[in-house]
Structure formats: structure tokens, C-alpha cells
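Chain and residue survey
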Amino acid sequence: MKKALLFVMMAVAAAVFTGCASVNVASAAKLNGEQLSYSGQAVSHIQAENWGIYLFMIPLITGDTANPGKTVFLQDTVTVPQVVKLVAAEAKKQGAKYTLNVVSAPATNPFFFGIKEVHVSANFVK
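Read on for an overview of the structure. (Residues numbered from 1 in each chain as written. Predicted model: local features only at pLDDT ≥ 70, side-chain atom pairs only at ≥ 80, totals over all residues. Heavy atoms only, no water.)

Let's shift gears to the overall build of the chain. Of regular secondary structure, the chain possesses two helices and six strands. Walking the chain from its N terminus toward its C terminus, one meets helices and strands in the order α-β-β-β-β-α-β-β. For the chain, the proportion of contacts with a sequence separation of at least 24, taken over those separated by at least 6, is 63%. Accessible area for the chain stands at about 8000 Å²; split by element, carbon and sulfur atoms hold 64% of it. (Helix = DSSP H or I, 4+ residues; strand = E, 2+ residues; numbered from the N terminus. Contact = heavy atoms within 4.5 Å. Areas by Shrake-Rupley, 256 points an atom, 1.4 Å probe, with all protein chains shown as cover.)

Take the pattern of salt bridges next. Following the criterion strictly, the structure yields two salt bridges and no others. A salt bridge links D76 to K116, with the shortest nitrogen-to-oxygen separation between them at 3.7 Å. With a gap of 40 residues between them, D76 in the loop between strand 4 (71-73) and helix 2 (80-94) and K116 in strand 6 (residues 113-125) connect regions that are remote in the sequence. Overall, D76 belongs to the partly exposed group, its relative accessible area being 40%. When the shortest N-O distance is used, the salt bridge between E90 and K93 registers 3.4 Å. On the criterion of helical spacing, the pair formed by E90 and K93 is a turn pair, its members being three residues apart in helix 2. A relative accessible area of 67% means that K93 is categorised as exposed. (Salt bridge = Lys/Arg side-chain N within 4 Å of Asp/Glu carboxyl O. Buried < 20%, exposed > 50% of the residue type's maximum accessible area, 1.4 Å probe, protein only.)

The next point concerns a nonpolar patch on the surface. Together, F56, I58, F73, L74, F111, F112 and F113 give the surface a local cluster of nonpolar side chains, amounting to about 870 Å² of exposed area. One can find F73 in strand 4. (Patch = residues over 30% accessible without salt bridge, like charges linked within 9 Å, V, L, I, M, F, W, Y side chains within 5 Å.)

For the rest of this paragraph, the subject is the side chain of N123. Of note, N123 is situated in strand 6. A distance of 2.5 Å separates a polar atom in the side chain of N123 from a polar atom in the side chain of H45. (Polar contact = N/O pair within 3.5 Å; in protein donor to acceptor, adjacent residues only side chain to side chain.)

Now for unusual backbone geometry. One non-glycine residue with positive phi stands out, namely M57, at about 65°. Topologically, M57 is positioned in the loop between strand 2 (42-55) and strand 3 (58-63).

This part covers the pairing of strand 2. Looking at chain direction, strand 1 (residues 22-27) and strand 2 are connected through six bridges and run antiparallel. By the bridge assignment for strand 2, N24 is matched with Q47. In this sheet, strand 6 lies alongside strand 2 in antiparallel orientation, the contact comprising 13 bridges. Note that in strand 6 the partner of W51 across the bridge is E117. Pairing of strand 2 with strand 3 involves four bridges; the strand directions are antiparallel. What sits directly across from I53, in strand 3, is I61. Where strand 2 folds back onto strand 3 in an antiparallel hairpin, the turn is made up of two residues, including F56, whose phi is positive at roughly 50°. (Pairing = 2+ DSSP bridges.)

Okay, the side chain of T77 next. Within the secondary structure layout, T77 lies in the loop between strand 4 and helix 2. For T77, a relative accessible area of 7% puts it in the buried group. Discounting residues that sit within four places of it in the chain, T77 has contacts with N50, Y54, T62, G63, T65, V72 and Q82.

See the structure below:
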């Protein structure tokens, strides 16, 4: 029983002290010369994700989409619009002018207690 409680406490501590929101960028140099559109210059492919721990669809610990790598408590940031804002902010930093091929993949399973997650990716050109 003590081992199980210790494991749960360690899992909660890991979730609290690690960020749940992240952004991954593949720059144009890593696209092997592939064109992302018929016109314009490829900037990057950006993929962002956010996840959180929920109880009865009530957010307990979620990723902070305003500060990737940080966590927030009792805020529902695991939504497609929040993660799209995260992708758009990164695209703006990269100087992108157009957004193409936006794909989102929300996954929800916290009927009682569980993890909710959202993935969004898009291509960006100038």
C-alpha cells in the first residue's frame, strides 16, 4: 500500500513540475527541399500539443499555453483553440505569412479521472 501511495505521489509531482504544453518546429532546412505550397517560401512545419489531468472533465493540472513548459491549475487550457493560439504565436515568431494544412487531433477520455490531450500541426510559408 505504501509503495502504491508513493508511486501516485511521484506521478503527481512529476506532472506538476513538468510542462504539459510543448511546441516542436521543423525548419525549412529540415524539409528536404519539399515545397509546402505552389507559391511562397517555406518557413517551417510546427506541431504543438497540450495535455492535462482531469477529474469528471474538471481540469486539475494542465499545460500553460501562454508559457509552454509550465503548468497551471484548475484552468481548461487543453482545447483546440488554445493550442492553435500556441501554434500561431510560434509562426508569428518565425515570420510566417500564410498558414496551410492545419490539422488538429483532440483526444478525451477522462470519464472519471484521466488525461485529456490536443495535438495541432500546420505548415507555414512567407
